[in-house]
Amino acid sequence: MEPWLGPGAAALRLGWLTQLLWVSALSSAVSLPAPPSPRTSYSLGRSVLGLDKCNACIGTSICKKFFKEEIRFDSWLATHVELPLGYLPSYPANYSDDSKTWRPVEISRLVSKQQHEISDRRICASAAAPKTCSIERVLRKTGRFQKWLQAKRLTPDLVQGLPSPLLRCPSQRLLDRVVRRYAEVADAGSIFMDHFTDRDKLRLLYTLAVNAHPILLQIFPGAEGWPLPKYLGSCGRFLVSTSTSPLQEFYTAPPDQAADLAHQLLRILESLRNNDLNYFLYFTRVDASMFGIFNNGHLFIRDASALGVIDRQEGSPAAARAAENKDIFSCLVTGCQAELPPCDSVSEKQSVVLVCRQVLPQLLQGKFPSPVQEQIDVLLAKCGEGARPDPEVLEAARQLKSILRPLRTCDPRFAYRYPDCRYNDKF
């Protein structure tokens, strides 16, 4: 595949110099490539990556790829010569393993500009420091990180009080999976953290406190059948993953495509409730931007930051008193007083209710002839009604999925299941 940098396009390349990230604006013409514009320095530093002078980024897989220019921002940024940090949640880019073949990827912000500014102020205030301070130095001196330094294994007490739904009630089996699957260390095959450097531990702790989305992509990879995009790397407050198209762009899709996407989404919710690993994954909130579609028509979870995990096999430890576990890591992006509901308050129907109420109506509304549309609308109302018992909600979702299944068509537009759908009704 040729580089995705068409005629008239330009790309920004990131280089490394004196612990700062530099952005270069390169331009090209329709006929012959134009000479590159002068190199312009732009320090991403603390404001983008989260810790001083990219220290949290040094050594991560994604920093190495930026350094080797295997990741290039898409061309429209070239006229600005800087990242528009204030308003875009993600940026299109191109990724290469060999500088010859390229594929589109997405560079996502894990927190907004406003959130990281608040976070930095909180960190400095926690150390009674002036308006600016060494973020990394302050975090290294915290009691929580000192416990992490001494720990050989990641245990529930080390993550108590962190705001991520992933860590609401973590089992030891889940935390061992986090350590074993953590991709930013040389050897991720052990449940013990002996091979973690101090900076590795700080990087993992910081990521879990800011946004656990990169960790979920690593511990439940798409290559093993989980409905998540491929993790390519993260650094501070940036994540690079495979390219996506958000679900809301398909609200005007034709009926057969809308039925296909809705059917996939209901199947995903079912797989999150029932899977071979005996983990119950559930959404704490839902909106259409959290789901995306690959170019082959396959739907997946685009943003996993709102996913909680309950271990049905091992169970979860009794939650400690939250107030005793609050520290600066508990409020890097959320209010320090925010409380998560207890694990036993999560019902089987929770994700289904959220999706049936907030996503599927916009996707399926007015798409089908009567009486099919009336049946769909009735079932959407039932599965989106949180006051109904779990069995009634789940049965309504099952019936809705059965109605949608024959409304799908079998043709090359749905490459993720074509041509298998011709020979097996499973697809």
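Residues numbered from 1 in each chain as written. Predicted model: local features only at pLDDT ≥ 70, side-chain atom pairs only at ≥ 80, totals over all residues. Heavy atoms only, no water.

## Overview of the pairing of strand E5 (residues 90–95)
E5 sits mainly inside the fold: five of its six residues count as buried. As paired elements, E5 and strand E6 (residues 103–109) share six bridges and run antiparallel to each other. Each bridged residue has a counterpart across the sheet, and for tyrosine 91 the counterpart in E6 is isoleucine 107. (Buried < 20%, exposed > 50% of the residue type's maximum accessible area, 1.4 Å probe, protein only. Helix = DSSP H or I, 4+ residues; strand = E, 2+ residues; numbered from the N terminus. Pairing = 2+ DSSP bridges.)

## Section: the side chain of glutamate 184
Along the chain, the position of glutamate 184 falls in the loop between helix H7 (172–181) and helix H8 (198–210). In this structure the side chain of glutamate 184 is engaged in a polar contact, spanning 2.5 Å, whose partner is the side chain of tyrosine 231. Ignoring any residue separated from it by four or fewer positions in sequence, one finds glutamate 184 in contact with Thr60, Ser61, Asp200, Arg203, Tyr231, Gly233 and Ser234. (Polar contact = N/O pair within 3.5 Å; in protein donor to acceptor, adjacent residues only side chain to side chain. Contact = heavy atoms within 4.5 Å.)

## Some points on helix H10 (residues 255–273)
Over its 19 residues, H10 extends 27 Å from the first C-alpha to the last, a length consistent with the 27 Å expected when each residue adds 1.5 Å. In terms of burial, H10 is largely enclosed, as 14 of its 19 residues are buried. (Expected span 1.5 Å × (residues − 1).)

## A closer look at the confidence of the model for the protein
The predicted model of the protein averages 80 in pLDDT, with 80% of residues at 70 or higher. When the criterion is pLDDT under 50, residues 1–55 qualifies, and its contacts beyond four places in sequence or with other chains add up to 136 contacts. Of the regions scoring below 50 in pLDDT, residues 78–82 engages in six contacts with residues more than four places distant in sequence or in other chains. (pLDDT = per-residue confidence, 0-100.)

## Examining the environment of lysine 401
Along the chain, the position of lysine 401 falls in helix H14 (residues 390–404). The sequence separation of lysine 401 and histidine 263 amounts to 138 residues, and the corresponding C-alpha distance is 5.6 Å. Apart from residues lying up to four places away in sequence, lysine 401 is in contact with His263, Leu266, Arg267 and Glu270.

## Description of the nonpolar core
Of all hydrophobic cores here, the largest spans 92 residues; its most connected members are Leu166, Phe220, Phe283, Phe291 and Leu360. Sorting elements by how many residues they give to this core places H10 first, with nine residues. Ignoring anything within four residues of it in the chain, the contact list for phenylalanine 291 reads Ser245, Pro246, Leu247, Leu265, Phe283, Val286, Leu299, Phe300, Ile301, Arg302, Val355 and Val359. If you look at the next biggest cluster of nonpolar residues, it comprises 13 residues, including Cys63, Ile107, Leu232 and Phe238. (Core = buried A, V, L, I, M, F, W, Y, C linked by side-chain atoms within 4.5 Å.)

## What about unusual backbone geometry?
Residue proline 371 is reached from serine 370 by a cis peptide bond, and omega for that bond is 5 degrees. In this fold, proline 371 is placed in the loop between helix H12 (360–364) and helix H13 (372–383). The residue after tyrosine 418, namely proline 419, is reached through a cis peptide bond having omega 5 degrees. With respect to the element layout, proline 419 can be found in the segment after H14.

## As for the sheet that holds strand E12 (residues 299–301)
A sheet is described by the order of its strands in space; here three strands give the open sequence E9-E11-E12, paired in antiparallel fashion. Bordering the open sheet on either side are strand E9 (245–246) and E12, each of which pairs with just one other strand. Both E9 and strand E11 (residues 291–293) contribute to a ladder of two bridges, which runs antiparallel. From the neighbouring strand, proline 246 faces E11, where its bridge partner is glycine 292.

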